[in-house]
Amino acid sequence: MDLGERRISWAARAMPVLTAIGVRFDEDKPLEGLRIAACLHVTAETAVLMGALRAGGAEIALAASNPLSTQDDVAEALGAYDISVFARAGVDRGTYYRHIHEALDISPDIVLDDGCDLVNILHTERTDLLSQVSAGTEATTTGVIRLRQMTSEGALRFPVVAVNDTRTKRMFDNRYGTGQSTLDGIMRATNTMLAGKTVVVAGFGYCGRGVAERAKGLGARVVVTEIDPVKALDAALQGYAVMGMGPAAEIGDVFITVTGNRDVIRGEHLAVMKDGAILANAGHFDVEIDVRALDDLGVEVHRGVRPSTDEYVLADGRRLLLLAEGRLVNLTAAEGHPAAVMDLSFSAQALAVAWLARERGTLVPGVHDVPGEIDVEVARLKLAANGMEIDTLTADQEEYLHSWRYGS
């Protein structure tokens, strides 16, 4: 067994729900005859998802959703599943997009996206394929934002299920997965100790909360920056310091962007940061930290001073450390979310794909929620896999909850 196969096998051990769904798919063949084009991070966990969909009868072409996150040994091993893979670690931007085009050459019936790049290309450069596509799924906050913008402009031509917006995905993948894997990536890249450091977390959504919680748990002083007053108040009431990025830039030791927006850390912020400040992005695309501004400020750039770490020397001698070229630090400098977390997200995605296959032709173009019963089923299966039981309502409790006639 080669390294890629060992990675996939190891991940599958921690993904009992998705493995069970794969067995069910192999029996029922809910995806028989369908072609699926996917743009996802090519990791061992993704390979387990691809195996389940392939077992369901689908023909699959997979491209990477990030040129730095691909595990080449896993990409090679996926050939054993009879899956076409167009991905290679560290490719340039042009090759990255060429790979997405090659995955789309399958002329898909259903698409799986992670950031909306594939859907964007379908609607701009491969419009000849749109009539064939019946539906899709999107797994990130960034991608869902882009899809809702397309919907508001009447541009989205087929229904897309927002897998990112399930309760299980937001709570476990975004909060616990991103929280743990982001700090894992930072520590692997820099070997820094977070205890006693000031960690600035930009964005206090589910991902930002997870990062802040994990950093606080490791002994860091956590500062939160936000644009949403409700989220900012939530952060303050949880004990975090809340301020704008301007003043935070002057006191932070580690900066982590988790917003899904661009230019969160800009030139004016970089210009006042401490010597040795660490810059990491855990949002999605490499636009949250203004890397061009960093290039302009740097008089010297030392590439690879540590794994996934570039050192920018400013005119006054200060050094700023950029991790993962401003791309996703948890997938570039580490291995992404633990497999146990991805078991939930990918199980919901697999069941959503099967649901879309059943509902083909009945959904209107736009962004759709995953059916609530899928979310509940995934959670129940995960509890059972972990040997946990929960209570059920009695008949009297059911009646009480569904009647307005009971007084206080």
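Scroll up for the structure.
Residues numbered from 1 in each chain as written. Predicted model: local features only at pLDDT ≥ 70, side-chain atom pairs only at ≥ 80, totals over all residues. Heavy atoms only, no water.

With that out of the way, let us pick up the pairing of strand 14 (residues 319-323). For strand 14, the buried fraction is high: four of the five residues fall into the buried class. Across three bridges, the pairing between strand 11 (residues 277-281) and strand 14 is parallel. Opposite A277, over in strand 14, you have L320 as the bridge partner. Here strand 13 (residues 309-314) runs beside strand 14; their pairing, made up of five bridges, is antiparallel. Of the residues in strand 14, the one forming a bridge with T309 is L323. Hairpin geometry of strand 13 and strand 14 is characterised by an intervening segment of four residues between the two adjacent antiparallel strands and by a positive phi of about 95° at G317. (Buried < 20%, exposed > 50% of the residue type's maximum accessible area, 1.4 Å probe, protein only. Helix = DSSP H or I, 4+ residues; strand = E, 2+ residues; numbered from the N terminus. Pairing = 2+ DSSP bridges.)

So, on to the sheet that holds strand 13. Sheets are built from strands that pair by backbone hydrogen bonding, the pairs being arranged parallel or antiparallel. Taking strand neighbours across the sheet as the criterion, the eight strands line up as 9-8-7-10-11-14-13-12 in an open arrangement whose pairing is mixed. In this open sheet, the two edge strands, each paired with only one partner strand, are strand 9 (241-242) and strand 12 (298-306). In this structure, strand 7 (residues 198-202) lies alongside strand 8 (residues 221-225), joined through five bridges in parallel fashion. Residue pairing in the sheet places V200 in a bridge with V223 of strand 8. Relative to strand 10 (residues 254-257), helix 8 (residues 167-190) is tilted by about 140°, and along the sheet it contacts strand 10, strand 11, strand 12, strand 13 and strand 14. (Contact = heavy atoms within 4.5 Å. Axes fitted to C-alpha atoms, helices over the stretch in contact; angles between N-to-C directions.)

Quick look at a negative patch on the surface now. A surface patch of like charges, here negative, comprises D2, E5, D72 and E76. Its location among the elements puts E76 in helix 4 (residues 72-77). A relative accessible area of 63% places E76 in the exposed class. (Patch = residues over 30% accessible without salt bridge, like charges linked within 9 Å, V, L, I, M, F, W, Y side chains within 5 Å. Areas by Shrake-Rupley, 256 points an atom, 1.4 Å probe, with all protein chains shown as cover. Salt bridge = Lys/Arg side-chain N within 4 Å of Asp/Glu carboxyl O. Lys, Arg positive; Asp, Glu negative; His and termini not counted. Charge placed at Lys NZ, Arg CZ, Asp CG, Glu CD.)

Glancing now at a nonpolar patch on the surface. A cluster of nonpolar side chains, namely L393, Y400, L401 and Y406, defines an oily patch on the protein surface of about 440 Å² accessible area. Along the chain, Y406 turns up in the segment after helix 17 (395-401). By relative accessible area, Y406 is classed as partly exposed at 41%.

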